[in-house]
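Close look at the chain arrangement
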Amino acid sequence: MIFHVKILVYLKEGVLDTQGKAVAKALVNAGHDELVNTRVGKYIQLWINAGTQEEAYTKAEVMCDEILVNELIEDFDIEVEHSK
Amino acid sequence: MITSVIIFPGSNCDRDVIHAISENTGTKVESVWHKERVLPEGTGLVVLPGGFSYGDYLRCGALSARSPIIDAVKEHALNEGLVLGICNGFQVLLETGLLPGAVLTNKTLTFICKKCYLRVERNDTPFTKGYKKEQVVQFPIAHNDGLYFLPPEKLENLEKNGQVVFRYCSESGKTDPEFNPNGALNNIAGITSRSGNVLGLMPHPERASEDILGGKDGVIMWRSIQRWIERE
C-alpha cells in the first residue's frame with residue numbers, strides 16, 4: 001500500500017531564522033502591521049510503500065533522522081495518510 | 001604528500017585548491033569524483049572544496065555528506081589522516097559529523113563576498129603550524145550560509161576544548177561583533193576536531209595564495225600541511 005507522508009521541518013525555537021526575519025520585514029513593508037513574528041520551514045512530501053500506516057510513519061521517521069532533518073537545529077512533524 | 005580533492009556535483013573551488021596546493025608545495029594533487037569509494041593510495045590530505053554541491057538542496061552540504069566517497073574520508077580521518085573542508089566543504093564536514101555544529105543563513109540576509117581578517121587562535125594544528133599565535137591573516141569569504149551555530153552548552157565545550165582555530169576580527173585582531181561578517185557565534189570562522197586532524201573553515205585560503213589575488217596568507221597553510229605530512 002502506498003502512503004502519503006507529509007513532513008514539516010522547522011528551525012528549533014531559539015535558532016535564528018534569517019529567512020523568517022527577511023519575510024517578516026517584507027510583510028511589514030507591505031503594510032501588515034499586525035504581524036508579530038514569522039518563522040519559515042520546509043514542507044516535504046513522500047510517498048512510501050508500507051504494510052500499515054504505522055510502518056510508513058516509522059520509515060519516514062528514520063529518513064528524517066538520517067537525512068531530512070538536522071536535529072541540532074531543526075524539529076519536525078510527520079503526518080501519514082492513505083495515498084489517493 | 002598526495003592531496004585528494006573531492007569533487008561533488010556543484011563544487012566550484014576544486015580547481016583553485018588544486019592550483020594553490022600544487023603551485024605552492026610542488027606536491028601531487030589528484031581530483032576524486034564523489035562517487036568513488038576509495039581514496040588514491042598514499043593520500044595524506046583530503047580537501048573538500050567550496051562551491052554549491054547539490055545546489056545547496058535540503059541543507060548546505062547535507063546531500064554531499066551522504067556521497068559514496070564519504071565513508072573513505074571518515075576512515076581517513078579516523079586513521080589520523082588530514083581532512084580540510086573549505087566553505088561548502090566545511091558545511092559538508094558538519095553534516096558528516098566529523099566536525100560539530102551547523103551553519104545558518106548569514107544574519108545580514110545577503111550573500112557576502114569580501115576580504116576578511118581572521119585571528120589564528122591555534123598554531124599547534126597540522127594546518128596552522130606556520131602561523132604565529134594570534135596572527136591576523138586575510139582570507140576572503142564568499143557564502144550565504146556561514147553563521148556557525150552550536151547550542152550554548154556545546155559551544156562552551158567547543159571553546160573549552162580549544163577547537164576554535166580561526167575567528168573573524170579587525171585588522172588589529174579585535175574580535176568585537178562589528179568585525180563579524182555573518183553573525184557566526186563567538187566570531188567563529190574555523191574549527192578543528194578534538195584530535196586536531198580535521199579542520200573546517202568558511203573563508204577561502206586558496207583565494208589568498210598569490211599576490212595577484214590580493215594576498216598570500218593562505219600559502220602558510222599549504223606549507224604547514226606539507227611540513228606536517230613530510231615529517232610524519
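Throughout what follows, the structure given in this document is the object of discussion. This is a predicted model, so every value here is computed, not measured.

Each strand in a sheet pairs with another by means of backbone hydrogen bonds, the pair being arranged parallel or else antiparallel. All names here are of chain B. Ordered in space as S2-S1-S3-S4-S11-S10-S9-S6-S7, the nine strands form an open sheet in which the pairing is mixed. In this open sheet, the two strands that pair with only one neighbour each are strand S2 (28–33) and strand S7 (136–143). Between one strand axis and the next, the sheet turns through 25° on average, direction left out of account. Where strand S4 (residues 82–86) lies against strand S11 (residues 198–201), four bridges are found, and the strand directions are parallel.

Turning next to the packing of helix H1 (residues 14–25) of chain B against helix H5 (residues 219–231) of chain B. Residue and element names in this part refer to chain B. Axis separation between H1 and H5 bottoms out at 9 Å; the angle between their running directions is 65°. Here H1 lies roughly perpendicular to H5, going by the angle between them. In this structure, H1 crosses over H5, and the sense of that crossing is right-handed. Packed against H1, whose contacting residues are Ala20, Ile21, Asn24 and Thr25, the element H5 presents Val219, Trp222, Arg223 and Gln226 at the interface.

Okay, a nonpolar patch on the surface next. Nonpolar side chains collect at one region of the surface, where Leu8, Tyr10 and Tyr43 of chain A lie side by side and expose about 300 Å² of accessible area between them. Judged by relative accessible area, Tyr10 of chain A falls into the partly exposed class, the value being 32%.

For soluble globular proteins, nonpolar side chains are generally found buried alongside one another. Ranked by size, the top nonpolar core spans 70 residues in total, and within it Leu84, Tyr148, Phe166 and Met221 of chain B carry the most contacts. Look past the residues within four positions of Met221 of chain B in its chain and what remains in contact with it is Leu84, Phe127, Tyr131, Phe139, Phe166, Leu199, Leu201 and Pro205 of chain B.

The interface of chain B with chain A comprises 17 residues on the first partner and 16 residues on the second. Carbon and sulfur atoms make up 70% of the surface buried where chain B meets chain A, a total of about 1,300 Å² over both sides. Three residues, Leu58, Arg59 and Leu109 of chain B, lead the burial of chain B against chain A; their summed loss comes to 40% of the area buried on that side. For the pair chain B and chain A, the interface holds one salt bridge. For the pair chain B and chain A, the number of links is five residue pairs in polar contact (both at pLDDT 80 or more). When contributions to the side of chain B that touches chain A are tallied by element, the ones reaching two or more residues are strand S5 (102–104) and strand S8 (147–149) of chain B. Within the side of chain B that touches chain A, the residues separate by chemical class into nine nonpolar, three polar and five charged.

Criteria and cut-off values
- Residues numbered from 1 in each chain as written.
- Chains lettered and ligands numbered in written order.
- Predicted model: local features only at pLDDT ≥ 70, side-chain atom pairs only at ≥ 80, totals over all residues.
- Heavy atoms only, no water.
- Pairing = 2+ DSSP bridges.
- Helix = DSSP H or I, 4+ residues; strand = E, 2+ residues; numbered from the N terminus.
- Axes fitted to C-alpha atoms, helices over the stretch in contact; angles between N-to-C directions.
- Parallel < 35°, antiparallel > 145°, perpendicular 65-115°, else oblique.
- Left-handed = near helix turned anticlockwise from the far one by under 90°.
- Contact = heavy atoms within 4.5 Å.
- Patch = residues over 30% accessible without salt bridge, like charges linked within 9 Å, V, L, I, M, F, W, Y side chains within 5 Å.
- Areas by Shrake-Rupley, 256 points an atom, 1.4 Å probe, with all protein chains shown as cover.
- Salt bridge = Lys/Arg side-chain N within 4 Å of Asp/Glu carboxyl O.
- Buried < 20%, exposed > 50% of the residue type's maximum accessible area, 1.4 Å probe, protein only.
- Core = buried A, V, L, I, M, F, W, Y, C linked by side-chain atoms within 4.5 Å.
- Buried area = accessible area lost by both parts, 1.4 Å probe.
- Polar contact = N/O pair within 3.5 Å; in protein donor to acceptor, adjacent residues only side chain to side chain.
- Nonpolar A, V, L, I, M, F, W, Y, C, P; charged D, E, K, R; others polar.

Fair warning: the whole summary comes from geometry, so function is off the table for now.
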